Amino acid sequence: MAKGPEFEADLHPENQRFGIVVARFNRAITKLLLNGAHEALAEHGVPTDAIDVLWVPGCFEIPLIAQRLAASGGYHAVICLGAVVRGDTAHFEHVGREAAAGIADAARTTGVPVLFGVLTTENWQQALDRAGGKEGNKGYD
């Protein structure tokens, strides 16, 4: 069976800048995700001075800053990191849904890759497992 061409991104960016937007809420988790993102970028040859980190209050605020960074023309990609852990109210669903929709919208409207690294977990242990525990580090991914 004939196959069409395949394309894969260059994973060794040169002279490219990256923005990382990180939620302060659940900082114990988001700091681990940020460490993972830094590690992945370093492994692909991105120097630390080509990475800007912007902290925002929580996941709900991530899309606004991601949109602004992507629209600025100063970044080749924007990485969004956060953690929403289910609690006793519907707050979890609203924040997670709006963060996802806003991050996707930032990518669509700017044409700049805006990466979704926001955990939405049932409990604190699941978040830890995905921020460097047994499920790997989604910030690295």
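Shown above is the structure to which this text applies.
Structural notes, computed from the coordinates. (Residues numbered from 1 in each chain as written. Predicted model: local features only at pLDDT ≥ 70, side-chain atom pairs only at ≥ 80, totals over all residues. Heavy atoms only, no water.)

Quick notes on the pattern of salt bridges
Part 1 of the argument: If you walk through the whole model with that rule in mind, you get 5 salt bridges.
Part 2 of the argument: Residue Lys 3 is joined to Glu 6 by a salt bridge in which the shortest nitrogen-to-oxygen separation is 3.0 Å. The same class applies to Lys 3 as to Glu 6, namely exposed.
Part 3 of the argument: In this structure, Glu 93 and Arg 86 form a salt bridge, with 2.5 Å as the shortest nitrogen-oxygen distance. (Salt bridge = Lys/Arg side-chain N within 4 Å of Asp/Glu carboxyl O. Buried < 20%, exposed > 50% of the residue type's maximum accessible area, 1.4 Å probe, protein only.)

Brief notes about the packing of helix H2 (residues 62–72) against helix H3 (residues 91–110)
Part 1 of the argument: In contact at an axis separation of 8 Å, H2 and H3 are set at 10° when each is read in the N-to-C sense. Between H2 and H3, the angle falls in the class roughly parallel. Packed against H2, whose contacting residues are Ile 62, Pro 63, Ala 66, Gln 67, Ala 70 and Ala 71, the element H3 presents Glu 98, Ala 99, Gly 102, Ile 103, Asp 105, Ala 106, Thr 109 and Thr 110 at the interface.
Part 2 of the argument: Considering only residue class, the contact of H2 with H3 consists of 8 nonpolar, 4 polar and 2 charged. (Axes fitted to C-alpha atoms, helices over the stretch in contact; angles between N-to-C directions. Helix = DSSP H or I, 4+ residues; strand = E, 2+ residues; numbered from the N terminus. Parallel < 35°, antiparallel > 145°, perpendicular 65-115°, else oblique. Contact = heavy atoms within 4.5 Å. Nonpolar A, V, L, I, M, F, W, Y, C, P; charged D, E, K, R; others polar.)

Brief notes about H2
Part 1 of the argument: Of all the residues in H2, the buried ones are Ile 62, Pro 63, Ala 66, Leu 69 and Ala 70. For H2, the angular spread of the buried residues around the axis is 130°, confining them to a single face. Facing away from the buried side of H2 by more than 90 degrees, the exposed set consists of Arg 68 and Ala 71.
Part 2 of the argument: Packed against the buried residues of H2 are strand E1 (18–23), strand E2 (51–56), strand E3 (77–85), H3 and strand E4 (114–121).
Part 3 of the argument: Directly after H2, the chain includes Gly 73, whose backbone phi takes a positive value near 80°. (Arc of directions from axis to C-beta.)

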